[in-house]
Amino acid sequence: MTDIIAGVEIPETSAVAQATEFVRDRTSPLIFHHSRRVFLFAALHAPELDLRPDPELLYISAMFHDVGLLLPYSGTQQRFELDGADHARTFLLDRGFSETAADVVWRAIALHTTPGIPGRMEPEVAATNYGVLTDAVGWGLDKLESDRLDEIVAAHPRGDFKKEFLRMFVDDLRDRPDTTYGTVNADILEHFVPGFRRTSMVRRIMDSAWPQ
């Protein structure tokens, strides 16, 4: 049977099924439900914003966008967004997707916390960002029908999402705080981690090797 939630059809492809299994089995219920909600919100916003994303690529972007918080891609110190983007790109290339498709998904995930830029890029990149904003900070909730919202939350419960989501960020990023430089992630560590002091561009310029 076709899986339809709030009028949104989950793409019926092998890659979608495998992405669902990957995230459900290797991350956490919080990430799994959040990622599915992100796809559903992204798909609902897309027509209103005149976006026509490829449903399969949009789904994979949504499902992998936060896996870097729980599955670091390598031992290198890099932003969690890049961990997730790298996972997704490898996932797609291993399954025969084109470099172009893999790169679009990579950008959607790598930029999903970056303000202002995703909306000017490919439909999959823009829609993923809007879906993330809806589930994380409530962007565009007033534009969604209440019965559709109820159906999405019934299928993928939020629980105590606000506190648990922030705690997950702290647990992952407190051991790689330098990767939060220039990102919204520094806000979270500054709020929750005693003694954390964000790096500023002013300090980097003032402390550079250049003479005055």
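See the structure above.
Structure report, in brief.

Procedures and definitions
Residues numbered from 1 in each chain as written. Predicted model: local features only at pLDDT ≥ 70, side-chain atom pairs only at ≥ 80, totals over all residues. Heavy atoms only, no water. Helix = DSSP H or I, 4+ residues; strand = E, 2+ residues; numbered from the N terminus. Rg over C-alpha atoms; globule rule 2.2 N^0.38 Å. Buried < 20%, exposed > 50% of the residue type's maximum accessible area, 1.4 Å probe, protein only. Contact = heavy atoms within 4.5 Å. Areas by Shrake-Rupley, 256 points an atom, 1.4 Å probe, with all protein chains shown as cover. Salt bridge = Lys/Arg side-chain N within 4 Å of Asp/Glu carboxyl O. Axes fitted to C-alpha atoms, helices over the stretch in contact; angles between N-to-C directions. Parallel < 35°, antiparallel > 145°, perpendicular 65-115°, else oblique. Left-handed = near helix turned anticlockwise from the far one by under 90°. Phe/Tyr/Trp six-rings, centres within 6.5 Å; stacked < 30°, edge-to-face > 60°.

1. Examining the overall build of the chain
Counting its secondary structure elements, the chain contains ten helices and two strands. Each helix and strand of the chain, placed in order from N terminus to C terminus, yields the pattern β-β-α-α-α-α-α-α-α-α-α-α. Taking 17 Å as the expected radius of gyration for a compact globule of 212 residues, we find that the chain reaches 18 Å, a close match to that expectation. Its C-alpha atoms give the chain principal-axis dimensions of about 65 × 35 × 35 Å. When burial is assessed residue by residue, the chain has 48% of its 212 residues classed as buried. Across the chain, every contact between residues at least 6 apart in sequence was considered, and the portion connecting residues at least 24 apart equals 62%. As displayed, the chain has an accessible area near 11,300 Å², and 53% of this comes from carbon and sulfur atoms.

2. Here we look at the pattern of salt bridges
What the rule picks out here adds up to 14 salt bridges. Across the pair E81 and R79 runs a salt bridge whose closest N-O atoms are separated by 3.2 Å. The exposure class assigned to R79 is partly exposed, which follows from its relative accessible area of 23%. One network of salt bridges, with partners in common, ties together R37, D135 and R158.

3. A word on the side chain of D172
Its location among the elements puts D172 in helix α8 (residues 161-173). Looking at D172, the relative accessible area reads 13%, which means it is buried. When sequence neighbours within four positions are dropped, the list of residues in contact with D172 reads G68, L69 and F80.

4. What about the packing of helix α2 (residues 29-48) against α8?
Following both chains from N to C, one finds α2 and α8 inclined at 110°, their axes separated by 11 Å at the closest point. Overall, the two elements α2 and α8 adopt an arrangement that is roughly perpendicular. Between α2 and α8 the crossing geometry is left-handed. Here L30, I31, H34 and R37 of α2 come into contact with α8, specifically with F161, E164, F165 and M168.

5. Focus: the environment of L166
In this fold, L166 is placed in helix α8. Aside from chain neighbours lying at most four places away, what touches L166 is I188 and F192.

6. A word on the packing of aromatic side chains
Per the counting criterion, the structure on display carries seven aromatic pairs. Ring centres of F39 and Y59 lie 5.1 Å apart, and the angle between their planes is 75°; on these two criteria the pair is classed as edge-to-face. Pair noted here: F39 is in helix α2 and Y59 is in helix α3 (residues 55-64), with a separation of 20 residues, a long-range link. Looking at Y59, the relative accessible area reads 0%, which means it is buried.

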